[in-house]
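Coordinates in review
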Amino acid sequence: MLELLTGTGLALAAGLNAWIPLVILGALDRFTGLVELPAAWAWLANEWVLLILVVLLVVEFVADKIPGLDSVNDVVQTVVRPTAGGLAFTSGIGAETVAVTDPEAFFSSSQWVPIAVGVGLALLVHLGKALARPVINTATAGVGAPVASAVEDAGSFALAFAAILAPVLVLLGAVLLAIAVVLVIRRRRTQRERSAEHPSTAP
C-alpha cells in the first residue's frame, strides 16, 4: 500500500512539473540512503542524466512563469509530463522493468499497468494545470502566472518528498489537487457563461 502511495505521489508531482520527481529520485538515490532505485532504474542516478534533468527543470521553471509562454509550454508538456509520470510511478513502486525489448510480451503481461497508471495520473493533473493557467492569466492580466507557477513547483516538490518520506500524506495532496481542478472547471464554466451573455460588440 505504501509503495502504491509513493508511486501515486510521484506521478501527481510529475503532472505539475515533469522533472522535479525524477531529479529528486535520482539525487536521493545517488547522494543519500533514502532511496534505492531498482537496478533497471539506476540510470536516473547517473550524474549526466541528473545534469540533463536539472537543465530541463531550469528551462521549465523559467518558461512556466512567463505569461503566454506558459501556455505554449503546457502544450509541449502534454506529452512530457504524463511520460514522466509513468516513469516516476513505476520506479516509485519498485518495478523492475523499463526497457521494452518484446512489445508483444510487454502488453500481454502486467508490465504496462504501472506505466499506464502513472501516465493517467500525471495527465489528469497536467490537464487541470493547463486549464487553470489561462483562467489565472486572464483574471490577473498575467501577473498571477509566476505566482501560480511557484505554487505548482512547491506542490510538486512537496508531493515528491511526501511520497518518499511520508506516503500517507499523498492522500491529502490528492484531495487538494482534486478540489483545485473542480474549482478551475467551475471558474472556466462561469467565464464562458459570462462571455455568452455579454458577447463582444467590436466590429
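Everything here concerns the structure above.
What comes next is a walk through the structure. (Residues numbered from 1 in each chain as written. Predicted model: local features only at pLDDT ≥ 70, side-chain atom pairs only at ≥ 80, totals over all residues. Heavy atoms only, no water.)

**Side note on the pattern of salt bridges**
To keep it simple, the criterion reads: In the sections that follow, a salt bridge refers to a side-chain nitrogen of Lys or Arg positioned within 4 Å of a carboxyl oxygen of Asp or Glu. Strands are runs of DSSP state E lasting at least two residues, helices are runs of H or I lasting at least four, and both sets are numbered from the N terminus onward. Partly exposed residues are those whose accessible area sits between 20% and 50% of the maximum for their type, while under 20% is buried and over 50% is exposed, using a 1.4 Å probe and protein chains only.
Summed over all chains, the structure comprises 9 salt bridges. In this structure, the salt-bridge partner of K129 is D64, at a minimum N-O distance of 2.9 Å. Here K129 is found in helix α6 (residues 112–140), whereas its partner D64 is found in the loop between α3 (47–63) and α4 (69–92), with 65 residues between them in sequence. Each member of the pair, K129 as well as D64, is classed as buried. In this structure, K129 and E152 form a salt bridge, with 2.4 Å as the shortest nitrogen-oxygen distance. With K129 in helix α6 and E152 in helix α7 (residues 144–165), this residue pair connects regions lying 23 residues apart in the sequence. The same class applies to K129 and to E152, which are both buried.

Treat this as a map of the structure, not an account of what it does.
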